[in-house]
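Here are the chains, one letter per residue:
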Amino acid sequence: MFYIALRMLVGDTPKFIALVFGLAFATTLVVQQGAIFTGIMRRTARGIENVPQAEIWVMDPATVYYDERRPLPDSALLRVRSVTGVAWAVPFFVGGGTAQLPDGSYSQVQIVGVDRQSKIGMPQAYESGDPHMLDDPETVFWDNLNMDLYRNVHPGDTLQVNDHRARVVGLAAAPRAFTPGPVVYTTYERALDYAPSERRRLTFVLAGAQPGESPDVVAQRIREKTGLGAMSSSEFFWATVKTNMRRIPATINFAITILLGLIVGVAVAIQTFSAFVLENTKHFGALKAMGTSNFMLVKMVLMQAIVVGLLGWGLGVGAACVFGSQITPRSPLVFMLTPQLLGISFVAMLVAVMVAALMSIGRILRIEPAIVFR
């Protein structure tokens, strides 16, 4: 019977192709937009991921996500180092400024200051240069974010960062974060010279837990003993993502697009499946006349729906992956396909074809075997 059901399904080739590709288009829309959305959210917390050595981030108690940075007093560093379970702690600066480029133009930049000794906070990848080159005076690394607009800066060039001389000794190639302008990496002390003067300028304290200690437990100890805010790297990452999901207006736009994709998928499935059942009414009537039970007919329709849904979902995911395969961590576009997104799209498409099948089953159950003689 299932073989007969498959022959009925593919018998009208144009309608079969239209049904599969309609579902594939809806799946592509849902997966692609969902992957772009998750990619954007990940980039909002990329500054945390780009410092894999830091197991614990210490910040002002009022700070709830990465882009909200209220400076700490300099004494916070020693207070964190005194907490039981802390293996090491180093200062970390993140701020903004203006840089005059070699061609005379200006650009807003993000200034990142890392510990002079450990270099914790420097990127893991470089186009040129070595982090230890920052030991020389007035040296910085330049990250052009893989944008042509900022490729005119090369090693050996001199910048003016907030009216301070900065000599470029290397090009960083960190995975791109959610920042509008290029990034200047230098030592913590030099970054303080570049940044506008404030009473407090220590942005974060990066720390690591001793072997056998849980970063979450050590972060709790830091909060209790120092009164500072402290989160494990994972906790801080998700706090940043969740906060940006609420504060970035584009979240609503992506949700609407994904919802439209689901509606298109359901509408295409219902319309095409209903036409398929209507055109095969005589065939179902003949099966009934030969003694096929309603239960078997229902199973046949559900099997047809599942086959179409799997084909449409597979083609749709494949098309989305082809789009995403051209995107790298340094590309202006973003694409992050997660197992959760694949699962959601699969369930959504399965629900769509099941709804279409259930709406068509009622017509099949009402078929009279005598229809084959009309």
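As the structure is a computational prediction, the values presented were derived from the model and not from experiment. (Residues numbered from 1 in each chain as written. Predicted model: local features only at pLDDT ≥ 70, side-chain atom pairs only at ≥ 80, totals over all residues. Heavy atoms only, no water.)

### Digging into unusual backbone geometry
A positive phi angle, close to 60 degrees, is found at Glu 138, a residue other than glycine. If you trace the backbone, Glu 138 turns up in the loop between strand S4 (126-128) and strand S5 (139-143). With a phi angle near 60 degrees, Leu 145 is a residue other than glycine that sits in the positive phi range. Mapped onto the elements, Leu 145 comes out in the loop between S5 and strand S6 (158-161). (Helix = DSSP H or I, 4+ residues; strand = E, 2+ residues; numbered from the N terminus.)

### Observations regarding the pattern of salt bridges
In total, this model carries 11 salt bridges according to the counting rule given. The salt bridge partner of Glu 189 is Arg 116, with a shortest N-O separation of 4.0 Å. Here Glu 189 is found in helix H5 (residues 188-194), whereas its partner Arg 116 is found in the loop between strand S3 (106-114) and S4, with 73 residues between them in sequence. The partly exposed category is assigned to Glu 189, whose relative accessible area is 40%. A network of salt bridges, in which partner residues are shared, links Arg 42, Arg 46 and Glu 49. (Salt bridge = Lys/Arg side-chain N within 4 Å of Asp/Glu carboxyl O. Buried < 20%, exposed > 50% of the residue type's maximum accessible area, 1.4 Å probe, protein only.)

### Details of the side chain of Thr 27
Topologically, Thr 27 is positioned in helix H2 (residues 13-44). We classify Thr 27 as buried; its relative accessible area is 2%. Polar contacts involving the side chain of Thr 27 include one to the main-chain carbonyl oxygen of Leu 23, which spans 2.9 Å. (Polar contact = N/O pair within 3.5 Å; in protein donor to acceptor, adjacent residues only side chain to side chain.)

### Observations regarding the layout of surface pockets
If you roll a probe as big as a water molecule over the atoms, it shows you where there is empty space left. Reported here for the largest pocket is a volume of approximately 330 Å³. Around the largest pocket, the lining is made up of 15 residues, and of these Thr 38, Met 41, Trp 238, Val 241 and Thr 338 lie nearest the centre. Among the elements that make up the lining of the largest pocket, the one with the highest residue count is helix H7 (residues 233-247) (5 residues). Residues of the lining of the largest pocket, tallied by class, amount to 9 nonpolar, 3 polar and 3 charged. A volume near 160 Å³ is recorded for the second largest pocket. Looking at the second largest pocket, the residues that line it are Gly 39, Arg 42, Arg 43, Arg 46, Gly 324, Ile 327, Thr 328, Pro 329, Leu 333, Val 334, Phe 335 and Met 336. Among the elements that take part in the lining of the second largest pocket, H2 stands out by supplying 3 residues, more than any other. Here the lining of the second largest pocket is built from residues that sort into 6 nonpolar, 3 polar and 3 charged. (1 Å grid on protein atoms, 1.4 Å probe; cavity = no way out; pocket = protein on both sides within 12 Å on 5 of 7 lines; lining within 4 Å. Points joined across faces, edges and corners; volume = space filled by probe spheres on them. Nonpolar A, V, L, I, M, F, W, Y, C, P; charged D, E, K, R; others polar.)

### Some points on H7
Counted at 1.5 Å a residue, the expected span for H7 with its 15 residues is 21 Å, and the 21 Å between its end C-alpha atoms agrees. The set of residues buried in H7 consists of Ser 233, Phe 236, Phe 237, Ala 239, Thr 240, Val 241, Thr 243 and Asn 244. (Expected span 1.5 Å × (residues − 1).)

### Re the side chain of Thr 187
Relative to the helices and strands, Thr 187 is located in strand S8 (residues 183-187). Discounting residues that sit within four places of it in the chain, Thr 187 has contacts with Gly 113, Val 114, Arg 116 and Leu 134. (Contact = heavy atoms within 4.5 Å.)

### Regarding the pairing of strand S9 (residues 204-209)
S9 sits mainly inside the fold: 6 of its 6 residues count as buried. Of the two faces of S9, the one carrying Phe 204, Leu 206 and Gly 208 and the one carrying Val 205, Ala 207 and Ala 209 are both buried. Pairing of strand S1 (residues 56-59) with S9, which is carried by 3 bridges, proceeds in the antiparallel orientation. Counterpart to Val 58 in the pairing with S9 is Val 205. Bridging between strand S2 (residues 86-100) and S9 involves 6 bridges; their strand directions are antiparallel. (Pairing = 2+ DSSP bridges.)

### A few points about a nonpolar patch on the surface
A contiguous nonpolar patch, built from Ile 306, Leu 310, Phe 346, Val 347, Leu 350, Val 351, Val 355 and Met 359 and spanning about 630 Å² of accessible area, is present on the exposed surface. The set of elements that each furnish at least two residues to the nonpolar patch consists of helix H10 (294-324) and helix H11 (339-365). Among the elements that take part in the nonpolar patch, H11 stands out by supplying 6 residues, more than any other. (Patch = residues over 30% accessible without salt bridge, like charges linked within 9 Å, V, L, I, M, F, W, Y side chains within 5 Å. Areas by Shrake-Rupley, 256 points an atom, 1.4 Å probe, with all protein chains shown as cover.)

### Quick notes on the packing of H2 against H7
Packed helices, taken two at a time, are described by the angle their axes make and the gap between the axes. Two elements in contact, H2 and H7, have axes separated by 8 Å at closest approach and are oriented at 120 degrees. If you check the angle between H2 and H7, you find them oblique. H2 and H7 meet at a crossing whose hand is right-handed. Of H7, the residues touching H2 (which contributes Phe 37, Met 41, Arg 42 and Thr 44) are Phe 237, Thr 240, Val 241, Asn 244 and Met 245. Along the lines of polarity and charge, the residues of the contact of H2 with H7 split into 5 nonpolar, 3 polar and 1 charged. (Axes fitted to C-alpha atoms, helices over the stretch in contact; angles between N-to-C directions. Parallel < 35°, antiparallel > 145°, perpendicular 65-115°, else oblique. Left-handed = near helix turned anticlockwise from the far one by under 90°.)

### Points about the environment of Phe 16
Relative to the helices and strands, Phe 16 is located in helix H2. Accessibility expressed as a relative area gives 17% for Phe 16, which makes it buried. Note: C-alpha distance between Phe 16 and Thr 272 (256 residues apart in sequence) is 8.5 Å.

### Observations regarding the confidence of the model for the protein chain
In this model, the protein chain carries an average pLDDT of 85, and 88% of its residues clear a pLDDT of 70 or more. The spread of mean pLDDT over the elements of the protein chain runs between helix H1 (residues 2-11), the lowest at 65, and S1, the highest at 96. (pLDDT = per-residue confidence, 0-100.)

### Focus: the nonpolar core
Within soluble globular proteins, side chains that are nonpolar generally end up buried alongside one another. Residues Val 80, Trp 142 and Ile 222 are the most contacted members of the largest nonpolar core, which totals 38 residues. With residues up to four places along the chain from it excluded, the contact list for Ile 222 reads Ile 56, Val 58, Val 80, Val 83, Val 86, Gly 227, Leu 228 and Ala 230. Residues Phe 37, Tyr 66, Val 90 and Leu 206 belong to the second largest nonpolar core, which totals 36 residues. (Core = buried A, V, L, I, M, F, W, Y, C linked by side-chain atoms within 4.5 Å.)

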